[in-house]
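Chain residues, written in single-letter form:
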Amino acid sequence: MNTLKKVGVPIVSIVIFLLFWEGLVWINDWPKYKMAAPSDLPDAFWKFRWLFLEMGWQTLWRTVIGLVLAVLVGGALGMIMGLSQIFRGALYPLLVGFNAIPKATLVPVIALIFIGQHDFNTVLMAVMISFFPIAVSVSIGLSTLEPEYRDILRALGASRFTIFRKIALPKTLPEFFGALKVSVTLAFIGTNLVEIVSPHGRGLGALFKSGEINGNYPLMFAVLIALAILGIVLYYLVVIFEKIFAGWAERPQT
Amino acid sequence: MNLIETKGVHHAYETPMGPLPVLAGLDLAIPESSFCAVVGPSGCGKSTLTRLIAGLLIPDEGEVWLDGAQVKSPRKTVGMAFQNPVLLEWRTILENVILPLEIVAPGMPRKQRVDRAMELLDMVGLTGFENKRPSELSGGMRQRASLCRSIVHKPRVLIMDEPFGALDAFTREDLWQTMRDLRAAEPFTGVLITHDLRESVFLGDQVVVLSDRPARTQHVLDVTLPADRTLDILYTPEAGEMLHELRDQIRIAQNRNEAA
Ligand SMILES: Nc1ncnc2c1ncn2[C@@H]1O[C@H](COP(=O)(O)OP(=O)(O)OP(=O)(O)O)[C@@H](O)[C@H]1O
Ligand SMILES: [Mg+2]
């Protein structure tokens, strides 16, 4: 019963959504060059199936590498800011300022600095756009550790590193995973931004653009759906990791 | 011989408004394997005292002696328990209790650690809960687990900062009895901060009353009750007299505040 609910409810909601979309196109009698309907998509997927596999893989690996780097960079920045008040004061305004810059404006900048390095640029953008929530959550998690938690080990003469490893780090994990879920989506935005804007881009973003150039609306919508699917897969991958490493933070549901 | 001694301890915190003197001339003398209950007005510096004895804080002036050596830094022979049980949510109760052993005795075999923890959990009535998470336990049970953790490494000194302060009256009395039984089974010397006078008389061998901030030792009461106390002893005339004496001393401590 419970698993039926768990799987059934999302499936039903997706079906309702697709029906609603199909109905909307049908009622308005929109032609294909204005708005594609879900029933147009299987054709588009099938026709470009090899392109979808190849481009999907391109987008996926770049996003995943970008995320991994964002975790390393964001985690390191978060630790520095969480453990040192001076660094927090110094880095916080810089990071907030950097995060406020619309990342689209940076695309031409990095494209000029690293000419032709499409893979590198894409990953770099994914990192730049997604490390911020991680840095903030880790720094807040570490800096708000109650002194008593530290004292239970400090009173035994434990080193700062031991306290960090046994108490501060595990205690920050739930916040870290909360941020990582946000970062997954952001990283996709980063990779696609570069893939769409770059003249000789690869990946789903580039496929989207070629659909646009050729006026192939079903293809464009199919790309969007493919992106949504990748996003969902990666998101739930993070949820699985969260369950494994920070499952203790989950309150039993009532 | 005194296991814990403080001599003329003065301490002040740096605050934005200048130094805040918290302790001013605090003397304690606690013989080995006895229990010293410390009472005093709220905010007078009791928690500061526990941090000084634990070596988490070094006094501005005066000396803290522990086991024949002056305290300059934290040491492994100390156990601490707080008002908040501070259990680690990601560990089971058993793993929480074992935590100090990981620091103090890194080479101890796993089985020995588990046996030691289970022995203590049994003593406080938590057998069967060792694999539960802290969030699955009641407040009183969590505090029991916290007590186990504070003595699992057989510390010479157990420092408790209002460990029963957040519990309801009946649970608190239960835990007093648990504490009494633990004392009989484990050889530690105790410092117990409390704001409950009955608790101080039931558990203490001496009760130290601190004055209002900056705190000094205002009064020391020797508890002349037999060691094998039951809760009923609190209703005897002797206990009643001691409680009155303490109440008067607290009143004096607070009055000083109103006059100032
Ligand atoms: N780290 C600190 N920096 C500045 N002032 C502090 C610090 N810690 C405590 N104080 C102040 O020192 C005084 C004594 O604090 P302490 O916690 O030792 O009192 P207490 O007797 O334990 O109080 P309570 O009865 O509320 O537990 C308080 O006025 C408190 O505000
Ligand atoms: Mg206190």
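Residues and elements named next belong to chain B. By the criterion of burial, strand 9 (residues 206-210) is predominantly enclosed, with five of the five residues buried. Burial of the side chains of strand 9 extends over both faces: Gln206, Val208 and Leu210 are buried on one face and Val207 and Val209 on the other. Looking at chain direction, strand 3 (residues 35-39) and strand 9 are connected through four bridges and run parallel. Paired with valine 39 across the two strands is valine 209, which belongs to strand 9. Looking at chain direction, strand 9 and strand 10 (residues 217-222) are connected through five bridges and run antiparallel. The residue bridging valine 207 from the neighbouring strand is leucine 221, located in strand 10. Linkage of strand 9 to strand 10, two consecutive antiparallel strands, is achieved through a turn of six residues.

Many structure descriptions define interface size as the accessible area lost when the parts assemble. Residues and elements named next belong to chain B. Parsing chain B into structural domains produces domain 1 (1-77 + 156-260) and domain 2 (85-154). Listed as interface residues are 16 residues of domain 1 and, on the opposing side, 15 residues of domain 2. The contact between domain 1 and domain 2 buries some 1,300 Å² in all, and 69% of this surface belongs to carbon and sulfur atoms. Looking at the side of domain 1 facing domain 2, the largest losses of area belong to Lys76, Leu182 and Glu186, adding up to 40% of the total buried there. Counting every contact that joins domain 1 to domain 2 gives one salt bridge. Between arginine 116 and glutamate 186 there is a salt bridge, and its shortest N-O distance comes to 2.8 Å. Counting the contacts that link domain 1 with domain 2 gives three residue pairs in polar contact (both at pLDDT 80 or more). Within the residue set of the side of domain 1 that touches domain 2, elements represented by two or more residues are strand 7 (157-161) and helix 5 (169-185). If you tally residues by element for the side of domain 1 that touches domain 2, the top one is helix 5, at seven residues.

In this section: the packing of helix 7 (residues 147-154) of chain A against helix 8 (residues 160-197) of chain A. Residue and element names in this part refer to chain A. Running from N to C, helix 7 and helix 8 point in directions that differ by 150°, and their axes come no closer than 10 Å. The pairing of helix 7 with helix 8 is recorded here as roughly antiparallel in orientation. Between helix 7 and helix 8 lies a crossing whose hand is right-handed. Listed contacts from helix 8 to Tyr149, Arg150, Ile152, Leu153 and Arg154 of helix 7 are Thr162, Ile163, Lys166, Ile167 and Lys171. Partitioned by chemical class, the residues of the contact of helix 7 with helix 8 number five nonpolar, one polar and four charged.

To continue, consider the site of ligand 1. Residue and element names in this part refer to chain B. Looking at ligand 1, there are 13 residues lining it, with Gly45, Lys46, Ser47, Thr48 and Arg213 nearest. Between glycine 43 and ligand 1, the recorded distance is 3.0 Å, taken from a backbone N or O atom to an oxygen atom. Within the contact set of ligand 1, an oxygen atom lies 2.8 Å away from a backbone nitrogen or oxygen of lysine 46. Compared with its free state, where it exposes 630 Å², ligand 1 has 61% of that area covered by protein. The set of elements that each furnish at least two residues to the shell around ligand 1 consists of strand 1 (2-15), strand 2 (18-31) and helix 1 (46-53). Residue composition of the shell around ligand 1, by class: four nonpolar, six polar and three charged.

Sheets are built from strands that pair by backbone hydrogen bonding, the pairs being arranged parallel or antiparallel. A sheet is described by the order of its strands in space; here four strands give the open sequence 2-1-4-5 (chain B), paired in antiparallel fashion. Edge positions in the sheet fall to strand 2 and strand 5 (69-70) of chain B, since each of these pairs with one other strand and no more.

Right, let's get into helix 5 of chain B. Since there are 3.6 residues in each turn of an α-helix, residues three or four apart along the chain are aligned in direction. Residue and element names in this part refer to chain B. Here helix 5 contains 17 residues, and its C-alpha end-to-end distance of 25 Å stays within 8% of the 24 Å for a straight helix at 1.5 Å per residue. If you check which residues of helix 5 are buried, you get Thr171, Arg172, Glu173, Leu175, Trp176, Thr178, Met179 and Leu182. For helix 5, the elements touching its buried residues are strand 3, helix 3 (110-123), helix 4 (139-151), strand 7 and helix 6 (197-203). Looking at where helix 5 begins, the residue whose side-chain oxygen comes 3.1 Å from the main-chain nitrogen of phenylalanine 170 is aspartate 168.

The subject of this paragraph is the state of the cysteines. All names here are of chain B. The tally for this structure, following the rule as stated, stands at zero disulfides over all chains. No disulfide involves cysteine 36; its nearest neighbouring cysteine sulfur is the one of cysteine 44, lying 13 Å away. Residue class for cysteine 44 comes out buried when judged on its relative accessible area of 0%.

With that settled, the discussion passes to the interface of chain A and chain B. Chain A puts 17 residues into the contact, and the matching count from chain B is 24 residues. Interface area for chain A against chain B, summed over the two sides, is near 1,900 Å², with a carbon-plus-sulfur share of 69%. Connecting chain A to chain B are two salt bridges. Between A:Asp151 and B:Arg51 there is a salt bridge; the shortest N-O distance is 2.6 Å. Linking chain A to chain B there are two residue pairs in polar contact (both at pLDDT 80 or more). Here the side of chain A that touches chain B takes six residues from helix 7 of chain A, the largest share from any one element. Grouping the constituent residues of the side of chain A that touches chain B by class yields nine nonpolar, two polar and six charged.

What counts, and at which threshold
- Residues numbered from 1 in each chain as written.
- Chains lettered and ligands numbered in written order.
- Predicted model: local features only at pLDDT ≥ 70, side-chain atom pairs only at ≥ 80, totals over all residues.
- Heavy atoms only, no water.
- Buried < 20%, exposed > 50% of the residue type's maximum accessible area, 1.4 Å probe, protein only.
- Helix = DSSP H or I, 4+ residues; strand = E, 2+ residues; numbered from the N terminus.
- Pairing = 2+ DSSP bridges.
- Domains from an automatic or database assignment.
- Contact = heavy atoms within 4.5 Å.
- Buried area = accessible area lost by both parts, 1.4 Å probe.
- Salt bridge = Lys/Arg side-chain N within 4 Å of Asp/Glu carboxyl O.
- Polar contact = N/O pair within 3.5 Å; in protein donor to acceptor, adjacent residues only side chain to side chain.
- Axes fitted to C-alpha atoms, helices over the stretch in contact; angles between N-to-C directions.
- Parallel < 35°, antiparallel > 145°, perpendicular 65-115°, else oblique.
- Left-handed = near helix turned anticlockwise from the far one by under 90°.
- Nonpolar A, V, L, I, M, F, W, Y, C, P; charged D, E, K, R; others polar.
- Near = heavy atom within 4 Å.
- Areas by Shrake-Rupley, 256 points an atom, 1.4 Å probe, with all protein chains shown as cover.
- Expected span 1.5 Å × (residues − 1).
- Disulfide = S-S within 2.5 Å.

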